[in-house]
Amino acid sequence: MKRILVSWSSGKDSAWTLHLLRRQRDIEIVGLLTTLNTEFDRVAMHSTRHSVLKAQAAAADLPLWVVPLPWPCSNKVYDRLMFEAMHRAIGEGIEAVAFGDLFLRDIRAYREKQLKPIGIKPLFPLWELPTAALAREMIEGGLRTKIVCVDPKHLPESFAGREFDLALLSDLPPEIDPCGERGEFHTCVYAGPMFAAPIPLAAGEVVNRDGFVFADFDIAPNPPR
């Protein structure tokens, strides 16, 4: 069996990538690879809390491979840290890393360029799937996720914190990609066929920071008995 890491953003595309790969009998998923902003202890860009990230890994029954990133982080430092993580992967017999990229060719080309000298193969299970149909497939397949980051240049701030569901898809302006592939929005998954059980989330505040709107979620406290 091929030993594979899944690049894990905490969002829907990486979660659906995991779900699709687990259907293939010749693949063994050995971990979730994620970058963490060490200044804020959150997933880069999505701003998902480390506590939620660990709960996702536990629900997926997979170890978490955290690449700690300083803040700010230059491209040079990022590349060095990822290079170190990939050499660890080589040492553990990992052959490939799977990404949830959909259609942005420059991002795919960057990943292919960076991984080729190391000998790790990049996989793109969702590549060029029609995003309108894919978004509906995710929702109808049981994936549940929250909008945790919105680019207000493309979407109203009121989308931050909303459920990614059929109602949201119908509310998206026609120029917005249904999966937010151009960075219009980012998500945090809390339930779906890739998890053994749903993750209870509690909504926090919505804040404007660095030109984006973030909706904060944390693990919900245990209800009183």
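Summary of the structure given here.

Rules and cut-offs
- Residues numbered from 1 in each chain as written.
- Predicted model: local features only at pLDDT ≥ 70, side-chain atom pairs only at ≥ 80, totals over all residues.
- Heavy atoms only, no water.
- Helix = DSSP H or I, 4+ residues; strand = E, 2+ residues; numbered from the N terminus.
- Phe/Tyr/Trp six-rings, centres within 6.5 Å; stacked < 30°, edge-to-face > 60°.
- Buried < 20%, exposed > 50% of the residue type's maximum accessible area, 1.4 Å probe, protein only.
- Lys NZ or Arg CZ within 6 Å of the ring centre and 35° of its normal.
- Pairing = 2+ DSSP bridges.
- Right-handed = clockwise from strand over helix to strand, strands pointing away.
- Salt bridge = Lys/Arg side-chain N within 4 Å of Asp/Glu carboxyl O.
- Contact = heavy atoms within 4.5 Å.

Quick word on unusual backbone geometry
At step 1: Of note, the bond from W71 into P72 is cis; its omega dihedral lies within 30 degrees of zero at -5°.
At step 2: With respect to the element layout, P72 can be found in the loop between β4 (64–69) and α3 (75–91).

Topic: the packing of aromatic side chains
At step 1: Per the counting criterion, the structure on display carries six aromatic pairs.
At step 2: Each ring, one from W8 and one from F195, has its centre 6.3 Å from the other, and the planes form 55°; the classification is tilted. Here F195 lies in the loop between β8 (185–191) and β9 (201–209) and W8 lies in the loop between β1 (2–7) and α1 (12–21), a separation of 187 residues in the sequence. Like W8, the residue F195 is buried in the burial classification.
At step 3: Seen in terms of ring centroids, F99 and F124 are 5.7 Å apart; in terms of plane orientation they differ by 25°. Their pairing is stacked. Placement of F99 in the loop between β5 (96–98) and α4 (105–115) and of F124 in the loop between β6 (121–123) and α5 (131–140) is noted, with a sequence separation of 25 residues between them. Both residues of the pair, F99 and F124, count as buried.
At step 4: Following the ring pairs from residue to residue traces out a cluster consisting of F99, F124 and W127.
At step 5: The aromatic ring of W65 is capped on one face by R88, whose charged end is 3.5 Å from the ring centroid.
At step 6: Between the NZ or CZ atom of R162 and the centre of the ring of F159, over which it lies, the distance is 5.1 Å.

Describing α1
At step 1: Of all 10 residues making up α1, 10 are buried, and the element is well covered by its neighbours.
At step 2: Looking at α1, one finds that the buried residues are K12, D13, S14, A15, W16, T17, L18, H19, L20 and L21.

Observations concerning the pairing of β1
At step 1: Judged from the six bridges that link them, β1 and strand β2 (residues 27–37) form a sheet pairing that is parallel. The residue bridging I4 from the neighbouring strand is I29, located in β2.
At step 2: Each parallel crossover has a hand, and for β1 linked through α1 to β2 it is right-handed.
At step 3: Inspection of the sheet shows β1 paired to β5 by three bridges, in the parallel sense. Bridge pairing in β5 links I4 to A96.

Here we look at the pattern of salt bridges
At step 1: For the coordinates displayed, the defined rule picks out 13 salt bridges.
At step 2: Residue D216 is joined to R42 by a salt bridge in which the shortest nitrogen-to-oxygen separation is 2.9 Å. Of this pair, D216 sits in strand β10 (residues 212–219) while R42 sits in strand β3 (residues 42–43); the two residues are 174 residues apart in sequence, bridging distant segments of the chain.
At step 3: Classification of D216 by relative accessible area gives buried; the value is 15%.
At step 4: Where E112 meets R108, a salt bridge forms, and the shortest distance between an N and an O atom there is 2.9 Å. In this pair, E112 and R108 are both assigned in helix α4, four residues apart and thus about one turn of the helix distant.
At step 5: Owing to a relative accessible area of 32%, E112 belongs among the partly exposed residues under this scheme.
At step 6: A residue is classified by how much of its surface remains accessible, and R108, at 24% relative accessible area, is partly exposed.

Section: the environment of I176
At step 1: With respect to the secondary-structure elements, I176 resides in the loop between α6 (166–171) and β8.
At step 2: Discounting residues that sit within four places of it in the chain, I176 has contacts with H154, L155, E184 and F185.

Some details on helix α2 (residues 50–60)
Residues spaced three or four apart along an α-helix face the same direction, because each turn holds 3.6 residues.
At step 1: All of the buried residues in α2 are H50, V52, L53, Q56, A57, A59 and A60.
At step 2: Two residues or fewer after α2 comes D61, characterised by a positive phi angle close to 55°.

By themselves, these observations are geometric and do not establish any function.
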